Amino acid sequence: MVPIKVLIVEDEPIIRMTIADDLTDAGFDVCEAANASDALAVLNERNDIRAIFTDIDLPGELNGIEFAHVVRDRWPPIEIIITSGHKRVGPAQMPSRSCFFPKPYAHADIVSAIKRMVE
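Residues numbered from 1 in each chain as written. Predicted model: local features only at pLDDT ≥ 70, side-chain atom pairs only at ≥ 80, totals over all residues. Heavy atoms only, no water.

**Some thoughts on the sheet that holds strand E4 (residues 79-84)**
What counts is decided by this rule: Any two strands between which DSSP finds at least two bridges are classified as paired. Under the DSSP-based scheme used, a helix requires at least four consecutive residues in state H or I and a strand at least two consecutive residues in state E, with every element numbered from the N terminus. Note on geometry: axes are C-alpha line fits, over the in-contact stretch for helices, and angles between N-to-C directions span 0 to 180 degrees.
The strand order across the open sheet built from five strands is E2-E1-E3-E4-E5, with neighbouring strands paired in parallel fashion. What marks the edges here is a single partner per strand, and that holds for strand E2 (29-33) and strand E5 (98-102). Shown here is a sheet whose adjacent strand axes are inclined to one another by a mean of 20 degrees, direction ignored. Bridging between strand E1 (residues 5-9) and strand E3 (residues 49-55) involves five bridges; their strand directions are parallel. Note on E3: the bridge partner recorded for Lys5 is Ile49.

Given below as structure tokens:
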């Protein structure tokens, strides 16, 4: 069975590495990016990303919500999870078929949500 590819977009290296390790341990194939520009470069190079886990507060031109909307417009099949420790967003602010997890989140909940979303 081919592992599901997940792109993590998080500017805090420790947080990014921790969730990447948890997703890898759960059987996912993980790519990482520190900002939306790097994440868009990954998406432009690969056609196998099935889910994205992005923070809202990202450095650069696009925040995580703006990035999620770009993803939904350009790559509609990709599932999206948005997170933040500082902001709360509702369905009206997020792209369709995305969900929000406030920080701190239980890593097992993120793993379960991705599995559910890509089934």
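**Details of unusual backbone geometry**
Following Lys103, the chain continues into Pro104 via a peptide bond in cis, with omega recorded as -5 degrees. You can see Pro104 is positioned in the loop between E5 and helix H4 (107-118). Unusually for a residue other than glycine, Arg97 sits at a positive phi of about 60 degrees. Positionally, Arg97 belongs in the loop between E4 and E5.

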